[in-house]
Amino acid sequence: MSVTTLPIVAEGLQRYFGSGDDEVKAVDGVDLRIEAGEVFGFLGPNGAGKSTTVRMLTTLLSPTGGSARVAGFDVVEQANEVRRNIGVALQDAAIDPLMTGAELLKLQAVLYGLPKNQHASRAGELLERVGLTAAGDRRVGTYSGGMRRRLDLALSLIHEPSVLFLDEPTTGLDPMSRMSLWEEIRRLNNDGTTVLLTTQYLEEADQLAERIAIIDHGVIVRKGRPAELKGEVGSPTLFVTVDDGAVEQATTIVQTFGELRPSPEGALGVGLTDGSSAVSNVVRTLDDAGITVRNLELREPSLDDVFAEATGYRLEGADA
Amino acid sequence: MTVALHPSTFAQTAEMSKRSILALWRQPALVVPSLIFPLFFAALGTSSFSRATSLPGFPAVDSYLDFALAGAVVQGVLFGSTVGATALATDIENGFFDRLLSSPTTRSGIIIGRMAGGMVYGGLQTLFFILILLPFGLSIEGGVGGMLAMAVGGTILALAIGALMCAMAIKTGSSEAVQGAFPLVFIALFFSSAFFPRETMSGIYARLADINPISHLVEGFRDLTIEGLSMSAVLRTILIPLALAAITVTLSLRTLERRLGAR
């Protein structure tokens, strides 16, 4: 597929804020090539540049440098064509609380120019799709967080867009609501929709995305299929917790089994060069040195490790 | 894509206007103060300033109420027109504004759509003040034509002030900032002939009132009330807010462009 027909292409995309000493390079040269029918995960902590990138791709912010094409159109020169072809659900389920779900769908149908005779049927169809048929005539102010996200998703689907942007679609949701949203995203993707999804949840990226990019300080530090990226990290990580006084000595010992890796507070992390069979050796050597092991945890390579290896720190609240 | 999509600017603006009118309807607490305060001022003025009408320079009126109507109407519309801008700031705060901007909608449609509620309200407010004060001795020399001209003027004035507040909303993205800036509009009202005729003023106060477009606007309303229907009064009642609106709507669109580029 040639570059111009890819649903999302970015080349050297930049966005700086402020000037002089206060200049912040929120996005500093992002390259993306997202294939048709793909779910692409954009993974990074708060402030990494995920949302700024999405805002540029959805024409809400002009780039400082570089270029991007979405659905075949330039995001600056052909912003209106881009807008007609994309669906957007931004952070925090931005919905007017004074209106009902059905009214918002109607408004959205008019904004996107759906033929009038299809407004009601399309609204009903989408409400059913996201499980809000019963709540359609209630004001959004009375919806739960999960319901708002689902309505937000329905709103972004009104014109059956071929490219869908979801900015942190499940942040702050309970596990049940998160699952049901994941299911809906998979279903949309099966129907052929290209999805760019940003998330700070490793599990979400792992579950949904065929390819991911890890972004940190405005720069993409890793890009690829989750399985490949995990394979690149290679060895499993062993986390050892010892008494405070023995940390220094224990560090010297575990280092002989592999390189140190970022770890949660209070623990020592080491990538085991010889694989998980080295665990008993580590424990024995520590024991021989008179160090008591308080806790021991072995983790096969996960996206968390990929992330830690790429950025030098772990995502807070990492759950995968 | 199964259907051909034809977004129409008119339909988009109309639908967003419906939304802003609905929003006012669903939040009566936001609009009630702007109906009551100006009436309160007019009532207070009428009882305390009744003898002021005999001051030299004061126009010949049956009662201060005839004189006070124009000020009350303009004051009420100024009050009411911030409601739309505050709603816009709230849209920005909760992110709904971004949803609108990411859709194939014209920028002016988004601004005017958000102002429409305030405009309809501005027109209705004008008629409401006139109708409620008629039994208390108000007489409109301009008749039905004059009342309609005033309603149109009130409608456009609501757009003019609303769009100014909108520029503020877009610039700051904060509903508190919009409400905080409102007293500035009110100062402009006090440095005008809204509550006393220019002929009774002197010094810097008189000069400020002379160059204040609100003075000329209020006097258009006042001439329709006291003197009768005249081309000059109708033009001042309608053209001054129209000129102000042209400036403030342009200002808010510019601010919006800058926001997309700079934020």
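1. A look at the overall build of chain A
- Each helix and strand in chain A was counted, giving 11 helices and 14 strands.
- If you line up chain A on its principal axes, its C-alpha atoms span 80 × 45 × 40 Å.
- Across the 320 residues in chain A, those meeting the buried criterion constitute 48%.
- By sequence separation, contacts in chain A at least 24 residues apart represent 68% of the contacts at least 6 residues apart.

2. Observations regarding the overall build of chain B
- Of the regular secondary structure elements, chain B holds 10 helices and 0 strands.
- Secondary structure elements in chain B, listed N-terminal to C-terminal, are α-α-α-α-α-α-α-α-α-α.
- Taken against the 2.2 N^0.38 rule, which gives 18 Å for 263 residues, the C-alpha radius of gyration of chain B at 19 Å falls within 12% of a compact globule.
- Considering only C-alpha atoms, chain B reaches an extent of 70 × 35 × 35 Å along its principal axes.
- A total of 263 residues make up chain B; the buried ones form 47% of that total.

3. Points about the environment of Thr58(A)
- As for its placement among the helices and strands, Thr58(A) is situated in the loop between helix H1 (50-57) and strand E4 (65-70).
- For Thr58(A), a count of 24 C-beta atoms within 10 Å corresponds to the buried category.
- Measuring from C-alpha to C-alpha, the distance between Thr58(A) and Val70(A) comes to 8.2 Å, with 12 residues separating the pair along the chain.
- Residues contacting Thr58(A), with those up to four places away along its chain left out, are Ile86(A), Val88(A), Phe165(A) and Ser102(B).

4. Focus: the interface of chain B and chain A
- With 27 residues of chain B in contact, the opposing surface of chain A contributes 27 residues.
- Counting residues per element, the side of chain B that touches chain A draws most heavily on helix H1 (residues 9-26) of chain B, at 6 residues.
- Residues belonging to the side of chain B that touches chain A are distributed by class as follows: 10 nonpolar, 11 polar and 6 charged.

5. Describing the sheet that holds strand E3 (residues 39-43) of chain A
All names here are of chain A.
- Strand order in the open sheet formed by 6 strands is E6-E7-E8-E3-E9-E10, with mixed pairing between adjacent strands. Of all the strands in the sheet, the pair left with one neighbour each is strand E6 (86-89) and strand E10 (219-224). On average, adjacent strands in this sheet sit at an angle of 15° to one another, irrespective of strand direction.
- Relative to strand E9 (residues 211-216), E3 runs parallel, the two sharing 4 bridges. Paired with Phe-42 across the strands is Ala-213, a residue of E9.

6. Points about the nonpolar core
- The biggest cluster of nonpolar side chains holds 154 residues, and the ones touching the most others in it are Val70(A), Leu151(A), Leu69(B), Val74(B), Ala163(B), Cys166(B) and Ala169(B).
- Leave out the neighbours within four places in its chain, and Val70(A) touches Pro7(A), Ile8(A), Leu57(A), Val75(A), Val82(A), Ile86(A) and Val163(A).
- If you look at the next biggest cluster of nonpolar residues, it comprises 9 residues, including Ala250(A), Val270(A), Leu272(A) and Val282(A).

7. A look at the packing of helix H5 (residues 107-133) of chain B against helix H6 (residues 143-172) of chain B
Residues and elements named next belong to chain B.
- Where H5 contacts H6, the axes come no closer than 7 Å and their chain directions differ by 140°. One way to sum up the angle between H5 and H6 is to call them oblique. Here H5 runs over H6; the crossing is right-handed. Mapping the contact onto sequence places Ile-111, Met-115, Gly-118, Met-119, Tyr-121, Gly-122, Gly-123, Gln-125, Thr-126, Leu-127 and Ile-130 in H5 and Met-147, Met-150, Ala-151, Gly-154, Thr-155, Leu-157, Ala-158, Leu-159, Gly-162, Ala-163 and Cys-166 in H6.
- Of the residues that constitute the contact of H5 with H6, the class distribution is 14 nonpolar, 8 polar and no charged.

8. Overview of the domain arrangement of chain A
- On domain assignment, one finds that chain A holds domain 1 (3-230) and domain 2 (235-300).
- Relative placement of domain 1 of chain A and domain 2 of chain A: their C-alpha centres are 41 Å apart.

9. Remarks on unusual backbone geometry
All names here are of chain A.
- The backbone of Glu-168 shows a phi angle near 45°, a positive value even though the residue is not glycine.
- Checked against the element boundaries, Glu-168 lands in the loop between strand E7 (163-167) and helix H6 (175-190).
- The exposure class assigned to Glu-168 is buried, which follows from the 24 C-beta atoms found within 10 Å.
- Located in the positive-phi region is His-217, a residue other than glycine, with phi close to 50°.
- Assignment of secondary structure puts His-217 in the loop between E9 and E10.
- Exposure remark for His-217: the 16 C-beta atoms within 10 Å place this residue in the partly exposed category.

10. A short note on helix H3 (residues 101-111) of chain A
- Most of H3(A) sits out of view: 11 of its 11 residues are buried.
- For H3(A), the set of buried residues is Gly101(A), Ala102(A), Glu103(A), Leu104(A), Leu105(A), Lys106(A), Leu107(A), Gln108(A), Ala109(A), Val110(A) and Leu111(A).
- Where H3(A) is buried, its residues contact helix H4 (119-129) and helix H5 (145-156) of chain A together with H1 of chain B.
- Remark: Gly113(A) follows H3(A) within two positions and exhibits a positive phi of approximately 75°.

Reading the values: rules and limits
- Residues numbered from 1 in each chain as written.
- Chains lettered and ligands numbered in written order.
- Predicted model: local features only at pLDDT ≥ 70, side-chain atom pairs only at ≥ 80, totals over all residues.
- Helix = DSSP H or I, 4+ residues; strand = E, 2+ residues; numbered from the N terminus.
- Buried ≥ 20, exposed ≤ 12 C-beta atoms within 10 Å, placed from the backbone.
- Contact = placed C-beta atoms within 7 Å.
- Rg over C-alpha atoms; globule rule 2.2 N^0.38 Å.
- Nonpolar A, V, L, I, M, F, W, Y, C, P; charged D, E, K, R; others polar.
- Pairing = 2+ DSSP bridges.
- Axes fitted to C-alpha atoms, helices over the stretch in contact; angles between N-to-C directions.
- Core = buried A, V, L, I, M, F, W, Y, C linked by C-beta atoms within 7 Å.
- Parallel < 35°, antiparallel > 145°, perpendicular 65-115°, else oblique.
- Left-handed = near helix turned anticlockwise from the far one by under 90°.
- Domains from an automatic or database assignment.

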